[in-house]
Amino acid sequence: MKDQTQPLTSQTETKTEPTTKTEPETKTEPKVETKAEPKAGDKPVVPETYADFKVPDGFTLNKEAVEAALPVFKELGLTQEQAQKLVDVQTKREAELAKSGQGDYVAMRQGWRDEVLADTSLSAGGKVKPEVLQTIGRAIDGINNPKLAAEFRQVMDTTGVGDNPAFVRAFFAMAQQLTEGRPTTGKGPSELGQKAPDSKPQSIAAAMYPNLK
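The structure displayed is predicted, hence computed values, not measured ones.

Draft legend 1. Helix α3 (residues 80-118), seen in detail. Helix length check: α3 (39 residues) gives 57 Å between terminal C-alpha atoms against 57 Å at 1.5 Å per residue, within 8%. Buried within α3 we find Ala83, Gln84, Val87, Thr91, Arg109 and Val116. For α3, the elements touching its buried residues are α2 (63-75), β1 (123-124), β2 (127-128), α5 (146-159) and α6 (165-179).

Draft legend 2. Summary view of the pattern of salt bridges. Considering all chains together, one arrives at 6 salt bridges under this definition. The residue arginine 113 makes a salt bridge to aspartate 163 at a minimum N-O spacing of 3.3 Å. Taken together, the positions of arginine 113 in helix α3 and aspartate 163 in the loop between α5 and α6 put the pair 50 residues apart, joining distant regions of the chain. According to the relative accessible area criterion, arginine 113 is partly exposed, its value standing at 32%. Residue class for aspartate 163 comes out buried when judged on its relative accessible area of 16%. When salt bridges that share partners are traced, they join Arg109, Arg113 and Asp163 into one network.

Draft legend 3. Expanded view of unusual backbone geometry. With a phi angle near 55°, asparagine 144 is a residue other than glycine that sits in the positive phi range. Summarising the element assignment, asparagine 144 is placed in the loop between α4 (130-141) and α5.

Analysis parameters
Residues numbered from 1 in each chain as written. Predicted model: local features only at pLDDT ≥ 70, side-chain atom pairs only at ≥ 80, totals over all residues. Heavy atoms only, no water. Helix = DSSP H or I, 4+ residues; strand = E, 2+ residues; numbered from the N terminus. Expected span 1.5 Å × (residues − 1). Buried < 20%, exposed > 50% of the residue type's maximum accessible area, 1.4 Å probe, protein only. Contact = heavy atoms within 4.5 Å. Salt bridge = Lys/Arg side-chain N within 4 Å of Asp/Glu carboxyl O.

Read these as layout, nothing more, since geometry by itself doesn't imply function.
Listed below in structure tokens is the structure:
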């Protein structure tokens, strides 16, 4: 027999609806492609053929030197970037040497000019005497070959030897002997030119020693 004292609610069955569990929404971030970092064991990529190396403006690589260096670069396993660094070091060194050498060359030529201008036998008033320049110029033109004369003047200017005081003194002395005329004796025409066509020629001794009796 059921207990009548229990409340009604306890006697009736109550149905409960099953609850559904909702998962929180998750946002998916876009994938970003990243370059794989080189591993410690990866070998550097040595190109089959090295590309042209970059050099400063106005600088030209020696073709023979580059061809000789390329096999060495490959043997050492250098990448394009590593080989370029070596080329940069070499070009910088050559540029510094060229700049230093050019400065020494200019200073040397200026010293030569100063010595020529200080020589009173060659210069006056801070300039080379006109007669010196004219005499040397006539000697050069006296070779009767305009092309050779122009090339000779160019060589003197390019090498700087035209500024060297020893060269200027020696060339001026030789030019004086080549260009200056010799004084005449004033004794009249040669006796050999006054002889009759049918006269006998002088002996060698008489020709060499006309005063010999």
